[in-house]
Amino acid sequence: MTKRKLPICVRPNCTRAVARNTTDTYQGLCFQHAKAAGYAHNYIPWEQAHPHLDRLLNGGWTINEIAFHSGVSNSTLAGIQKHRRERFKYASIQALKHLPDNSPTRRPAWPLRRRINALRAIGIQLATISTDTGLSAGQVFNIASGRLKWTAISTDTLIRDYYQQHCMDAQLPLDVKPQKMRLTRPLDWDDIDDPNEVHYGAPPVLKPQRRNMVTAQTRHRLKTVVEHYGTIREAAKVLHMSNTDIVAILNGSKQKIMQRVVGRITYRYKHLPVLPNQKEAA
Ligand SMILES: [Zn+2]
């Protein structure tokens, strides 16, 4: 008699072989006991399957890379990605779980975009970053502007190292463009790699709105719109104006209004809808 090669189920008195697939041994249990213990579901629903694929896709993995490294077929992966089926083999999902977050060939570009822009915020220019890192000006620009979703691992390393060296540099005077962009400086980031950390920057300074004198024509048009809608209240709604402003313009106590308000009055005057009672009359 040859000695049994497969290990036996760890449960006492169970002589069945340990269940295994390419990536899992189900805690040393046979398939029946593993199933009873909840380790070896034959299938798991899409809702539980797709987060595992999403994790990898967010880490830059391509479907082909995932297929190659996990042994899961392209069609199963497409089934998860596009929700073509409701249930997927437990073993397939286990295989996805065993892959690391990051793709073996590329990295997401957004952490690099943040880094380049943080350096710009302290006065380091894109051209300088390009020269110092040896990356082309176009590539640095494409990352900084968010045109690239993924970069090579070598690019990722270059920019992360460069950022590490320069993020504490003294503030240099800023050109007009980076000044206007209100980029977030290195010190303002709590965790530059946290996708949930968001900086909106200070609101841009708005140009003062142009105010125009209320002309007789504008007043006439406003009056027509009000008469058409029946009440000041209804007219105020469609014009996005306050009742008070409409009254003040009509009675002449308001002499100047914003250009854009004139625009709205003109638009409404020229696009008066046919009201139900007018339809009946016609
Ligand atoms: Zn067993």
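Treat the numbers as computed from the prediction; the structure is a model and nothing was measured.

Student: So what's going on with the overall build of the chain? Which residues, and what values?
Tutor: Looking only at helices and strands, one finds 15 helices and 6 strands in the chain. Against the 2.2 N^0.38 benchmark of 19 Å for 282 residues, the chain shows a C-alpha radius of gyration of 33 Å, more extended than a compact globule. C-alpha atoms of the chain, sized along the principal axes, occupy 110 × 65 × 30 Å. Here the chain, with 282 residues, has 23% of them falling under the buried criterion. Counting contacts in the chain only where the partners sit at least 6 residues apart, residues at least 24 apart contribute 63% of the total.

Student: Describe the nonpolar core, with residues and values.
Tutor: Leu112, Ile116, Leu119, Ile129, Val140, Ile143 and Ile159 are the most contacted members of the largest nonpolar core, which totals 16 residues. Only α6 (110-121), α8 (137-144) and α9 (153-166) provide two or more residues apiece to this core. Of the residues forming this core, the biggest block, 5 residues, is contributed by α6. In this structure, valine 140 is in contact with Ile116, Leu126, Ile129, Ser130 and Leu135, ignoring residues within four places of it in sequence.

Student: Talk me through the environment of glutamine 27; I want residue IDs and the actual numbers.
Tutor: Its location among the elements puts glutamine 27 in the segment before α1 (31-37). Glutamine 27 sits in the partly exposed class, given 13 other C-beta atoms within 10 Å. As a C-alpha pair, glutamine 27 and arginine 260 span 233 residues in sequence and 70 Å in three-dimensional space.

Student: Lay out α6 in plain terms, naming residues and giving numbers.
Tutor: With 12 residues, α6 extends 16 Å between its outermost C-alpha atoms, agreeing within 8% with the 16 Å of an ideal straight helix rising 1.5 Å per residue. Residues of α6 that are buried: Leu112, Arg114, Arg115, Ile116, Ala118, Leu119, Arg120 and Ala121. Those residues of α6 hidden inside the fold are in contact with α7 (126-133), α8, β4 (150-152), α9 and α10 (176-181). Within two residues after α6, glycine 123 carries a phi angle of roughly 95°, on the positive side.

Student: For the environment of glycine 71, give the residues involved together with the corresponding values.
Tutor: With respect to the secondary-structure elements, glycine 71 resides in the loop between α3 (63-70) and α4 (74-81). Sequence separation between glycine 71 and isoleucine 122 is 51 residues, and the spatial gap between their C-alpha atoms is 47 Å.

Student: For the packing of α3 against α4, give the residues involved together with the corresponding values.
Tutor: Put simply, α3 and α4 touch, their axes get as near as 9 Å, and they point 125° apart. Comparing the axis directions of α3 and α4 gives the class oblique. Where α3 crosses over α4, the handedness of that crossing is right-handed. Judged by residue contacts, Ile63, Ile66 and Ala67 of α3 engage Asn74, Leu77 and Ala78 from α4. Tallied by class, residues from the contact of α3 with α4 come to 5 nonpolar, 1 polar and no charged.

Student: How would you summarise unusual backbone geometry if you had to cite specific residues and measurements?
Tutor: Backbone geometry follows two general trends: most residues other than glycine have a negative phi, and most peptide bonds adopt the trans configuration. Non-glycine residue asparagine 13 carries a positive phi angle of around 70°. By the secondary structure assignment, asparagine 13 is in the segment before α1. By the C-beta count within 10 Å, which is 5 here, asparagine 13 ends up exposed. Of note in the backbone geometry, histidine 83 takes a positive phi value of approximately 55° without being a glycine.

Student: Help me get a handle on helix α5 (residues 90-97), residues and values and all.
Tutor: For an α-helix, the turn length of 3.6 residues means that residues three or four places apart are oriented alike. Counting buried positions along α5 yields 6 of 8 residues, so the element is predominantly enclosed. As for α5, its buried residues are in contact with β1 (43-45), α2 (46-58), α3, α4 and β2 (87-89).

Student: Kindly report on the packing of α2 against α4, identifying the contributing residues and their values.
Tutor: Between α2 and α4, the least distance of the axes is 9 Å, while the angle of their chain directions is 110°. What the angle tells us is that α2 and α4 run roughly perpendicular. Every residue of α4 that contacts α2 at Trp46, Ala49, His50 and Leu53 is listed here: Leu77, Ile80 and Gln81. Class assignment for the residues of the contact of α2 with α4 results in 5 nonpolar, 2 polar and no charged.

Student: I'd love a proper account of the environment of methionine 213, names of residues and values included.
Tutor: Topologically, methionine 213 is positioned in strand β5 (residues 211-213). Sequence-wise, methionine 213 and valine 262 are 49 residues apart; in three dimensions their C-alpha atoms are separated by 9.7 Å.

Student: Describe in detail the confidence of the model for the chain, supporting the description with residues and values.
Tutor: The predicted structure's coordinates, where accompanied by low pLDDT, should not be read in detail. Overall, the predicted model of the chain reaches an average pLDDT of 88, with 90% of residues at or above 70. The low-confidence segment residues 202-206 (pLDDT under 50) makes 1 contact with residues lying over four places distant or belonging to another chain.

Cut-offs used in this document
- Residues numbered from 1 in each chain as written.
- Predicted model: local features only at pLDDT ≥ 70, side-chain atom pairs only at ≥ 80, totals over all residues.
- Helix = DSSP H or I, 4+ residues; strand = E, 2+ residues; numbered from the N terminus.
- Rg over C-alpha atoms; globule rule 2.2 N^0.38 Å.
- Buried ≥ 20, exposed ≤ 12 C-beta atoms within 10 Å, placed from the backbone.
- Contact = placed C-beta atoms within 7 Å.
- Core = buried A, V, L, I, M, F, W, Y, C linked by C-beta atoms within 7 Å.
- Expected span 1.5 Å × (residues − 1).
- Axes fitted to C-alpha atoms, helices over the stretch in contact; angles between N-to-C directions.
- Parallel < 35°, antiparallel > 145°, perpendicular 65-115°, else oblique.
- Left-handed = near helix turned anticlockwise from the far one by under 90°.
- Nonpolar A, V, L, I, M, F, W, Y, C, P; charged D, E, K, R; others polar.
- pLDDT = per-residue confidence, 0-100.

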